[in-house]
Amino acid sequence: MPNIQFSQLVKQYGAVTVLENLNLDVHEGEFLVLLGPSGCGKTTLLNMLAGLLEVTSGQITIGDRDVTDLDPKDRGLAMVFQSYALYPTKTVRGNLKFGLVAQKLPKEEVERRIDWVAKLLRIEQLLDRKPSQLSGGQRQRVAIGRALVKKVGVFLFDEPLSNLDAKLRTEMRLEIKKLHHELKQTVVYVTHDQIEAMTMATRIAIMDRGVIQQIGSPDEVYEHPANIFVARFIGSPPMNVLETSLKVSGNSVQALHEPTGTRIDLSDYPFMSRPDDGLRASVGLRPENFITGNGNGSRPAAVFNLPLLYTEKTGSDATAFMTSKDDLLAARIDPGLVSKLTLGEPLALSFPREKLNVFDARTGLRM
Amino acid sequence: MTDTLANAAAIATPTVYARRKRKLRGSTVAIYAFLIMCALFFTVPLYVIIVTSFKTMLQITEGEIFSLPREWTLEPWYKAWNTLCTGAECNGIKSGFFNSLQILIPSIAISLTISSITGYALALWNVKWANTFLFILFMCAFVPFQIIMIPLIILMSKTGFYGTYLAVAVVHAILSLPLLTLIFRNFYKDIPQELMSAAMMDSGSFLRVFVEIILPMSGNIMVVVLILVITSVWNDYLVGLTFAGFSSQPMTLILANSVITSRGEVIYNVDMAAALLTAIPPLVVYFGLGRFFVQGITAGAIKG
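What you see is a predicted model, and the numbers here were worked out from it, not measured in a lab.

Asker: Sorry if this is basic, but what is going on with the nonpolar core here?
Answerer: A general tendency of soluble globular proteins is for nonpolar side chains to be buried together. Residues Leu32, Val33, Leu34, Leu156 and Val188 of chain A are the most contacted members of the largest nonpolar core, which totals 154 residues. In terms of residue count, the dominant contributor to this core is helix α8 (residues 165–189) of chain B (15 residues). If sequence neighbours within four positions are ignored, valine 33 of chain A has contacts with Tyr189, Thr191, Ala197, Met200, Ala201 and Ile204 of chain A.

Asker: Can you walk me through helix α2 (residues 92–102) of chain A in this structure?
Answerer: Note: α-helices contain 3.6 residues per turn, so residues at a spacing of three or four share the same orientation. Those residues of α2 of chain A that fall on the buried side of the exposure criterion are Val92, Asn95, Leu96, Lys97, Phe98, Gly99 and Leu100 of chain A. Against the buried residues of α2 of chain A lie α3 (107–120) and α4 (136–148) of chain A together with α9 (193–202) and α10 (206–214) of chain B. Following α2 of chain A by one or two positions, lysine 104 of chain A has its phi on the positive side, about 60°.

Asker: What's the story with the packing of α2 of chain A against α4 of chain A in this structure? I'm lost.
Answerer: Each pair of packed helices can be described by the angle between their axes along with the distance between the axes. All names here are of chain A. Running from amino to carboxyl end, α2 crosses α4 at an angle of 25°, the nearest separation of the two axes being 8 Å. When the interaxial angle is binned, α2 and α4 end up roughly parallel. By crossing handedness, the relation of α2 to α4 is classed as right-handed. In contact with Val92, Asn95, Leu96 and Gly99 of α2, α4 contributes Val142, Gly145 and Arg146. Broken down by class, the residue content of the contact of α2 with α4 amounts to three nonpolar, three polar and one charged.

Asker: How do you make sense of the sheet that holds strand β11 (residues 240–249) of chain A when you look at a structure like this?
Answerer: Two pairing modes exist for strands in a sheet, parallel and antiparallel, and in both the strands are linked by backbone hydrogen bonds. All names here are of chain A. The antiparallel open sheet is built from five strands, whose spatial order is β13-β12-β11-β14-β20. Both edges of this open sheet fall to β13 (262–265) and β20 (357–360), since each of them pairs with a single strand only. This sheet shows a mean twist of 40° between the axes of neighbouring strands, independent of strand direction. In the sheet, β11 pairs with strand β12 (residues 252–257) via five bridges, with the strands oriented antiparallel. Directly across from valine 248, in β12, lies its bridge partner valine 253.

Asker: Just to check I follow, could you spell out α3 of chain A for this structure?
Answerer: Residues and elements named next belong to chain A. In a regular helix each residue adds 1.5 Å, so 14 residues correspond to 20 Å; α3 covers 20 Å between its end C-alpha atoms and thus fits that length. Of the residues making up α3, those classed as buried are Ile114, Val117 and Ala118. Buried residues of α3, viewed axially, fall in a sector of 100°; they line one side. With respect to the buried face of α3, the exposed residues turned more than 90 degrees away are Glu108, Glu109, Asp115 and Lys119. On its buried face, α3 is in contact with α2 and α4. Immediately downstream of α3, the backbone of arginine 122 shows phi near 55°, a positive value.

Asker: Hey, could you run me through the interface of chain B and chain A in this one?
Answerer: Reports often express the size of an interface as the amount of accessible area lost when the parts come together. Contacts between the two partners involve 16 residues from chain B, matched on the other side by 18 residues from chain A. Looking at the side of chain B that touches chain A, the elements that each hand over two or more residues are α9 and α10 of chain B. The element contributing the most residues to the side of chain B that touches chain A is α9 of chain B, with seven residues. Of the residues that constitute the side of chain B that touches chain A, the class distribution is eight nonpolar, four polar and four charged.

Rules behind the numbers
- Residues numbered from 1 in each chain as written.
- Chains lettered and ligands numbered in written order.
- Predicted model: local features only at pLDDT ≥ 70, side-chain atom pairs only at ≥ 80, totals over all residues.
- Core = buried A, V, L, I, M, F, W, Y, C linked by C-beta atoms within 7 Å.
- Buried ≥ 20, exposed ≤ 12 C-beta atoms within 10 Å, placed from the backbone.
- Helix = DSSP H or I, 4+ residues; strand = E, 2+ residues; numbered from the N terminus.
- Contact = placed C-beta atoms within 7 Å.
- Axes fitted to C-alpha atoms, helices over the stretch in contact; angles between N-to-C directions.
- Parallel < 35°, antiparallel > 145°, perpendicular 65-115°, else oblique.
- Left-handed = near helix turned anticlockwise from the far one by under 90°.
- Nonpolar A, V, L, I, M, F, W, Y, C, P; charged D, E, K, R; others polar.
- Pairing = 2+ DSSP bridges.
- Expected span 1.5 Å × (residues − 1).
- Arc of directions from axis to C-beta.

Structure follows, in structure tokens:
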């Protein structure tokens, strides 16, 4: 079973550089999600791996084979497309069969694999239908089936769930996750949906403007974002980022947020190197880490007392938005509390020390 | 609850509006007049041809070309098919019919095969200089046949094909290739990129993908092209005149030879029947496949 390696990969369209000097390893059997906003180069990277786009320079290896210049069919990959791309004039069986016959497999083997995959994905009764007679979820299953029957080591998914409705998307997410768990094949999965990434991935590679910003397990990228982009991109509602200046004296480090005059105590924050006094720093506070009240006795890093602008309830959760002069501050609160709040009145929230994220405001990197 | 429902029903009683009277406006009249004129332009001669072909020569000599036949006769049709004279031979137009078929069939086979595969390659595969090639094709589609006629004749005679069915068929195919290739290319351009990507990952074979995936999707456009080819090949006169040998003359040529005669009696009813016989095959194709033709065009087939 192969692992995939991109080394010094460059992709240019004329004068436009889409990917520049990209290095990435995909481990054997892992579920790697390429996550990023549209136009970040994630689909380009996937298509280059699939062989559908030419590489400008650099190398792609799968296992110990250099596949950089191989034809798509010779790379030992299978792909599921966003639009499913089922062959419209073929039946479901014909769709599953096409790739196998092209590999010149014996007839019994082809039949055996189609039976196996039909049973696995519960599409047995659909085998003689045309794609136009299937619902969206069924088409999705067939598209996944068409990839699975090829029994290759690496599966590529290009935003496969974005055309499904919310309920079906949740179902298919679980299903794909389950399949990966059973079959243990390497998966490279492209999406812009962070929930898909967080729920399915063993590792997430977050991309922006052709550069991998961070790569790590869902927990790592969530709890220790490497830079402001990752911090803001992952999490919903997004992380609050306050622009502050640092006051360093002795062992104490304080971040002062001028618009509200709030002092955030960073003395216990594990800085990578001791910060200089007066440095501009962005302090990231996840909405769900706020604790209502002024945190008596728990030594919070900061206490905010800001006027409540509005609240949002989503059944299991509620989010309160406060104005911090020029910006909004979002905090997750107990939905039972919402009815007791008055808009415009200040709401006291404290933030615990161990949940802080601090970034250098100039470089955007984690400090 | 029932009260509110009753109220709602009362409110919902539909108001009946008086139907607006359609006024016959000047512009409508003008459009109809124009359309009727256009229709007459085609139907009146057709009417004359049809009635004449069923008349006896006796009635025709009376000179009333719009009158209906007093006595309906099928004899002119029989004569046209079996005993019409071209030059010294009097074998009817039927030999021309089979000659035309022998020209048409290879011509369809050659032009459809080459143009669909070329169009597929240009639209869906990475072909170097594809756009330059397309531009040249586009220009070629506008070169009149008369300009390349003489070089083509020399070419055919040098290769020994001149005067055979195949020569006529090949020339027809060559002449139709630029336009047909463009039509196919534009049709295939609309096939989703991801479908082609999937086929590339599954098979990657140029011909297998064409035959198994692309060709089954081209039904409508095939019909459009088929109608174009059949009509142009069957109705052609000039290519047949210049490339066919004496024994491979298409139907139109035999028709012309017998109708355009400066000697002897002109047998109008037989000539008209022969003309109709010649015109029937494209008409049958058109009526049989016309439905698909319109579908093919509205599916965005012919554009650009």
